[in-house]
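Descriptive structure summary
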2 protein chains.
Amino acid sequence: MNEEDEARRHRLKMEKRKAVQDAEVAGKTVARKGLLMVHTGAGKGKSTAAFGLALRALGHGWKIGVVQFGKGQWRTGERNMLEKLGQEFGQVSWHTLGEGFTWETQDRARDAKAARRAWEKARELMDDPHIRLLVLDELNISLRYEHLPLEEVLGALAARRDDLNVVVTGRNAKPELIAAADLVTEMTLVKHHFGAGVKAQEGIEF
Amino acid sequence: MNEEDEARRHRLKMEKRKAVQDAEVAGKTVARKGLLMVHTGAGKGKSTAAFGLALRALGHGWKIGVVQFGKGQWRTGERNMLEKLGQEFGQVSWHTLGEGFTWETQDRARDAKAARRAWEKARELMDDPHIRLLVLDELNISLRYEHLPLEEVLGALAARRDDLNVVVTGRNAKPELIAAADLVTEMTLVKHHFGAGVKAQEGIEF
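Summarised in this report is the structure supplied together with it. This one's a predicted model, so the numbers in the text were calculated from it and none came from an experiment.

The helix and strand inventory of chain A stands at eight helices and six strands. For chain A, the succession of helices and strands along the chain, N to C, is α-β-α-β-α-β-α-α-β-α-α-β-α-β. In chain A, the proportion of contacts linking residues at least 24 apart, taken out of those at least 6 apart, comes to 80%. Carbon and sulfur atoms make up 48% of the accessible area of chain A, which amounts to about 9300 Å² in all.

Below is the structure:
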């Protein structure tokens, strides 16, 4: 096949793909609404991708809420930066109410109490009509260890304002939450340098 | 089993888990080095998680580089915000050199030229000793369509400075790139609201 033929074949293939994509987009007719998103799986990037969404939301001038159910991977430095952006672009309401995971604290009653406190704050932010994106970081862990009743959480999420986007992060998302969600991404660990004996990297992993 | 027994059992289990984790971390002895990270898969969050890493890197006062091989999901608003943060916290060198994917442009020669331009910029940033994190957004697409020779890219990545972290994003990462990487995360689409006929959301998806 000569070069011209190949170029033509490529063009036709790409035209076809574009037509399929255009048709797909045109076929979406349901009115805009706030999404329930879940980032789960044993891989990296669940909270980090939620960060990225927060950044994007601020770029749209939205007010965002963040509730951390664990101490999580979001450090003070990152929080400071998002809050700084919030002063100029949108607005940030950030609440770290978890006290670390149960395998650190080894105290189930304390964990459940912390989860309850975080959930009450989440409910409060859900009632703030200015908030358009709410990040519930590591809520999946609290649900998995039954520090919060699943039905109560699902009920509140289902009854949320129509324009409120919610991102729930953490491993082992409950099947019922996945069923209720609009968009679920599983971060799968394909390969990890820890296997090769490399220590966690400052700036990358914490 | 009474409550006290259950609490004790839980505590023992968690103590054991913590001991395993502590031993794992203590066993890592290889010296710190820049990581090669890959975000791939058909799911959401590949570029968005790279965003989050960029935010985190700025929080450490690092200079970061971003090269977009496609037009990508990173819009002007997000770029502006990262650059704004860069003025205060770290430093940002951002280059959008892709011209959209091949199924949009339908011109293979133009795509290859754009990929080459982007790659030359990436090489330049790799030589800047101040940059500690380099994001090569959608490079996987350029490699998949053979707009760039895989060997050339792998060679340059292997020869990079020891303290340079690199994130490569995009679907269909080449197996050879995965083999060379320290950390590979596959973003898997578990569920997508597009299936339910909801249009892409401003602020969330673009």
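Take the packing of aromatic side chains next. Throughout the structure, instances matching the rule amount to zero aromatic pairs over all chains. Directly above the aromatic system of W62 of chain A lies the positively charged group of R132 of chain A, at a separation of 4.3 Å from the ring centroid.

Take the nonpolar core next. In terms of nonpolar packing, the biggest core is built from 43 residues, with L55, W74, L82 and L133 of chain A together with L55, L82 and L133 of chain B touching the most fellow members. Setting aside its immediate chain neighbours within four residues, L82 of chain A contacts F51, A54, L55, L58, W74, V92 and W94 of chain A together with L55 of chain B. Core analysis: the second largest hydrophobic core is formed by 28 residues, V67, A122, M126 and L148 of chain B among them.

Turning to the sheet that holds strand β5 (residues 165–169) of chain A, a few remarks are in order. In a beta sheet, neighbouring strands pair by backbone hydrogen bonds and run either parallel or antiparallel. Here 12 strands make up an open sheet; going across it, the order is β3(A)-β2(A)-β4(A)-β5(A)-β1(A)-β6(A)-β6(B)-β1(B)-β5(B)-β4(B)-β2(B)-β3(B) and the pairing mixed. In the strand order of this sheet, the two ends are held by β3 (91–96) of chain A together with β3 (91–96) of chain B, each with one partner. Strand-to-strand twist of the sheet, defined as the mean angle between neighbouring strand axes without regard to direction, takes the value 15°. Bridging between strand β2 (residues 63–68) of chain A and β3 of chain A involves six bridges; their strand directions are parallel. Note on β3 of chain A: the bridge partner recorded for V66 of chain A is W94 of chain A.

Right, let's talk about the side chain of D128 of chain A for a bit. Structurally, D128 of chain A can be placed in the loop between α5 (108–126) and β4 (131–137). D128 of chain A has contacts with K63 and R161 of chain A, leaving out every residue within four places of it along the chain.

A few words now on the packing of helix α2 (residues 46–59) of chain A against helix α3 (residues 76–88) of chain A. Residues and elements named next belong to chain A. Remark: α2 packs on α3, axes separated minimally by 10 Å, with the N-to-C direction vectors making an angle of 15°. It follows that α2 is roughly parallel to α3 by the angle criterion. When the axes of α2 and α3 are compared, the crossing they make is left-handed. On the side of α2, the interface is formed by F51, A54, L55 and L58, while α3 contributes E78, L82, L85 and G86. Along the lines of polarity and charge, the residues of the contact of α2 with α3 split into six nonpolar, one polar and one charged.

A surface patch of positive charge is lined by R9 and K13 of chain A together with R144 and R171 of chain B. R9 of chain A sits in the exposed class, given a relative accessible area of 53%.

Here we come to the side chain of T169 of chain B. Residue and element names in this part refer to chain B. Mapped onto the elements of the fold, T169 is located in strand β5 (residues 165–169). By relative accessible area, which is 0% here, T169 ends up buried. Here D137 takes part through its side chain, which lies 2.7 Å from a polar atom of the side chain of T169. Setting aside residues up to four positions removed in sequence, T169 forms contacts with H39, K46, S47, A50, L136, D137, E138, L139 and N140.

All names here are of chain A. If you walk through the whole model with that rule in mind, you get 14 salt bridges over all chains. One salt bridge in this structure joins K63 and D128, with 2.7 Å as the shortest N-O distance. Linking K63 in strand β2 with D128 in the loop between α5 and β4, this pair joins segments that are 65 residues apart in sequence. Judged by relative accessible area, D128 falls into the buried class, the value being 16%.

The rules behind these values
Residues numbered from 1 in each chain as written. Chains lettered and ligands numbered in written order. Predicted model: local features only at pLDDT ≥ 70, side-chain atom pairs only at ≥ 80, totals over all residues. Heavy atoms only, no water. Helix = DSSP H or I, 4+ residues; strand = E, 2+ residues; numbered from the N terminus. Contact = heavy atoms within 4.5 Å. Areas by Shrake-Rupley, 256 points an atom, 1.4 Å probe, with all protein chains shown as cover. Phe/Tyr/Trp six-rings, centres within 6.5 Å; stacked < 30°, edge-to-face > 60°. Lys NZ or Arg CZ within 6 Å of the ring centre and 35° of its normal. Core = buried A, V, L, I, M, F, W, Y, C linked by side-chain atoms within 4.5 Å. Buried < 20%, exposed > 50% of the residue type's maximum accessible area, 1.4 Å probe, protein only. Pairing = 2+ DSSP bridges. Axes fitted to C-alpha atoms, helices over the stretch in contact; angles between N-to-C directions. Parallel < 35°, antiparallel > 145°, perpendicular 65-115°, else oblique. Left-handed = near helix turned anticlockwise from the far one by under 90°. Nonpolar A, V, L, I, M, F, W, Y, C, P; charged D, E, K, R; others polar. Patch = residues over 30% accessible without salt bridge, like charges linked within 9 Å, V, L, I, M, F, W, Y side chains within 5 Å. Salt bridge = Lys/Arg side-chain N within 4 Å of Asp/Glu carboxyl O. Lys, Arg positive; Asp, Glu negative; His and termini not counted. Charge placed at Lys NZ, Arg CZ, Asp CG, Glu CD. Polar contact = N/O pair within 3.5 Å; in protein donor to acceptor, adjacent residues only side chain to side chain.

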